Amino acid sequence: MVRTNSRDRELRARAEAVIPGGMYGHQSTALLPDDYPQFFQRGEGAHLWDVDGRRYLDLMCAYGPNLFGYANPEIDAAYVRQLGAGDTLTGPTELMVELAEALTGMVSHADWAIFCKNGTDATSMALSVSRAHTKRRVVVRAKGAYHGAAAWCTPRPAGVIDTDRAHQIFYDYNDVASLEAAVAQAGDDLACIFAAPFRHDAFVDQAEPDPAYARRARQLCDERGALLVVDEVRAGFRLVRDCSWTRLGVQPDLSTWGKCVANGHALSVLLGSDKARTAAASVYATGSFWYQAAPMAAALETLRLIRETDYLERITALGERLRAGLDERSRAAGFGLRQTGPVTLPLFLFDDDPDLRKGFCFASAMLERGVYVHPWHNMFLCAAMTEADIEAALDAAEGAFAELKRQAGGLPPVEKLSFLTAGAR
Ligand code: PMP
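It should be emphasised that the depicted structure is a prediction, and the values quoted were computed from it without experimental measurement.

About the thresholds
- Residues numbered from 1 in each chain as written.
- Predicted model: local features only at pLDDT ≥ 70, side-chain atom pairs only at ≥ 80, totals over all residues.
- Heavy atoms only, no water.
- Phe/Tyr/Trp six-rings, centres within 6.5 Å; stacked < 30°, edge-to-face > 60°.
- Helix = DSSP H or I, 4+ residues; strand = E, 2+ residues; numbered from the N terminus.
- Buried < 20%, exposed > 50% of the residue type's maximum accessible area, 1.4 Å probe, protein only.
- Pairing = 2+ DSSP bridges.
- Axes fitted to C-alpha atoms, helices over the stretch in contact; angles between N-to-C directions.
- Contact = heavy atoms within 4.5 Å.
- Parallel < 35°, antiparallel > 145°, perpendicular 65-115°, else oblique.
- Left-handed = near helix turned anticlockwise from the far one by under 90°.
- Lys, Arg positive; Asp, Glu negative; His and termini not counted.
- Salt bridge = Lys/Arg side-chain N within 4 Å of Asp/Glu carboxyl O.
- Polar contact = N/O pair within 3.5 Å; in protein donor to acceptor, adjacent residues only side chain to side chain.
- Domains from an automatic or database assignment.
- Buried area = accessible area lost by both parts, 1.4 Å probe.
- Nonpolar A, V, L, I, M, F, W, Y, C, P; charged D, E, K, R; others polar.

Asks: Mind showing me how you'd approach the packing of aromatic side chains here?
Replies: The description of two aromatic rings rests on the distance between their centres and on the angle between their planes. Tallying each qualifying case throughout the model produces 15 aromatic pairs. Measuring from ring centre to ring centre gives 5.1 Å for Phe68 and Tyr311, while their planes differ by 55°; the resulting arrangement is tilted. In this pair, Phe68 is assigned in the loop between strand 3 (55-58) and helix 2 (73-85) and Tyr311 in helix 9 (residues 311-333), connecting sequence segments 243 residues apart. Take Tyr311: its relative accessible area is 0%, and that puts it in the buried class. Pairing Tyr171 with Tyr213 gives two aromatic rings, centres 5.9 Å apart and planes at 45°, and the pair type is tilted.

Written out as structure tokens, the structure reads:
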């Protein structure tokens, strides 16, 4: 098949001149195979069209925000209706109260909500509220876990100074002894423990949370008067219609949400329990766009669909089908493919692939066959996907494994990821 990507190439060349590095963040050219498009034209349901008009089944779902399909008619109609009435006004509309009521009604630990825009706003505010509540400084968090791109938590060192990182102690996810050691080191200065719903770090296998670790985190916070924060920004509402640690019998004091809460419209949330209410009220939380009404209208409709439809059961069944089908096909082709994490947020990594050359080759071969996958980041299922989409992905995978087999002996190293294999992981 001859692939034309001339529009993408042209835009990349223009971007080189006016956008630092040509692209920033998670789509930066250094992180994905060269043939991955950088620019897109549109999205509908589970599909995405690149700027050259090629259509993909999108297993990235915008890195999470797409839960009910791109351009979901019900959600977007609510958004557009509110746009007509008013979006960024001098203050919020009544939708803010309605949305806070809806979320506190759905998330067991939550008694209040503060709305913001990005996940990083919510996680940074969780840290401030914890410090305001405890009058202490230290955050204990898991090594390698992503909580956003602010100076206190960005995974890259550029532009960060020592004091941005002060008062942080790291533990290994799921490792009770290392959590206890980090808490002991924090002494009487512990403000909070941060945890992801499960280990969903990039480049490594995902891991379910060990209930003993989750319970111990709760207990340590209670013993020390510190707050427990669960960062649901990525996994929220793809595991359960509540905070995900509810399944482990553990309730946090604060939880952070973003990405899918308004199905792609800009909204994130910090939820908290009464314990932290006074502290939350004391923190100066605001932004020019934080009261926007249209994303709140979209969120109310998204939450209605979360409550009233079987989306979660459907995406779970689709995820199970995808996992089983890929297992079969990778085994038949003779590859060890590790599929880890919840089936609604799958990650695939190949055995014996330290520099991800197999992963990159497989991803490119999937892209060529119309399926957008990620070689080292977890993916996302959405409710617009159908059984036929999963079958199409499995057919593509069969071809992609065959292509990988053809190329396996002579795959070049992925030079651009050498910063990872050099130990920066
Ligand atoms: N926490 C987690 C777990 C995330 O996955 C992300 C985004 N990938 C963030 C926080 C930051 O969210 P945002 O990019 O919206 O600032």
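Asks: Honestly, the sheet that holds strand 8 (residues 227-231) in this entry has me stumped. Any pointers?
Replies: Across a sheet, strands are paired by hydrogen bonds formed along the backbone, either parallel or antiparallel in direction. Ordered by their spatial adjacency, seven strands build an open sheet running 4-10-9-8-7-5-6, and the pairing between neighbours is mixed. Each having just a single partner strand, strand 4 (112-116) and strand 6 (168-171) make up the two edges of the open sheet. Here the strands of the sheet are splayed against their neighbours by 20° on average, with no regard to which way each runs. Examined bridge by bridge, strand 5 (residues 138-142) and strand 6 share four bridges and lie parallel to one another. Within strand 6, the position partnered with Arg141 by the bridge is Phe170. Contacting strand 4 and strand 10 (268-272), helix 3 (residues 95-106) crosses the sheet at an angle of about 125° to strand 4.

Asks: Help me understand the packing of helix 9 against helix 11 (residues 387-407), please; the structure alone is not making it clear to me.
Replies: Helix-helix packing is characterised by the crossing angle of the two axes and by the distance between the axes. Between helix 9 and helix 11, whose axes approach to 10 Å, the crossing angle comes to 20°. The angle between helix 9 and helix 11 falls in the class roughly parallel. The handedness of the crossing between helix 9 and helix 11 is right-handed. Along the contact surface, helix 9 presents Leu318, Arg321, Leu322, Gly325, Leu326, Arg329, Ser330, Ala332 and Ala333, while helix 11 presents Glu387, Ile390, Glu391, Ala393, Leu394, Ala397, Glu398, Phe401 and Lys405.

Asks: How do you make sense of the side chain of Arg234 when you look at a structure like this?
Replies: Structurally, the position occupied by Arg234 is in the loop between strand 8 and strand 9 (254-257). No salt bridge is formed by the buried Arg234; the nearest opposite charge belongs to Asp201, separated by 6.7 Å. Only 2.8 Å separates the side chain of Arg234 from the backbone oxygen of His200, close enough to count as a polar contact. What Arg234 contacts, discounting residues up to four positions off in sequence, is Tyr146, His200, Lys259, Leu345, His377, Asn378 and Phe380.

Asks: Looking at this model, I keep getting lost on the environment of Ala214. Mind explaining?
Replies: Tracing the backbone through its elements, the reader meets Ala214 in helix 6 (residues 211-224). For the pair formed by Ala214 and Val250, sequence separation is 36 residues and the distance between their alpha carbons is 6.7 Å.

Asks: Honestly, the domain arrangement of the chain in this entry has me stumped. Any pointers?
Replies: Interface size is often expressed as the accessible area that is lost when the parts come together. Structurally, the chain comprises domain 1 (7-63 + 310-421) and domain 2 (73-308). Between the C-alpha centres of domain 1 and domain 2 there is a distance of 27 Å. Across the contact, 25 residues belong to domain 1 and 19 residues belong to domain 2. Between domain 1 and domain 2 lies a buried interface of about 1,900 Å² when both sides are counted; carbon and sulfur atoms form 57% of it. A salt bridge links Arg338 to Asp205, with the shortest nitrogen-to-oxygen separation between them at 2.8 Å. Linking domain 1 to domain 2 there are 10 residue pairs in polar contact (both at pLDDT 80 or more). Contributing elements (two or more residues each) for the side of domain 1 that touches domain 2: helix 9, strand 11 (337-340), strand 12 (347-350) and helix 12 (418-424). Per-element tally for the side of domain 1 that touches domain 2: the top contributor is helix 9, with four residues. A class-by-class count of the residues in the side of domain 1 that touches domain 2 yields 17 nonpolar, five polar and three charged.

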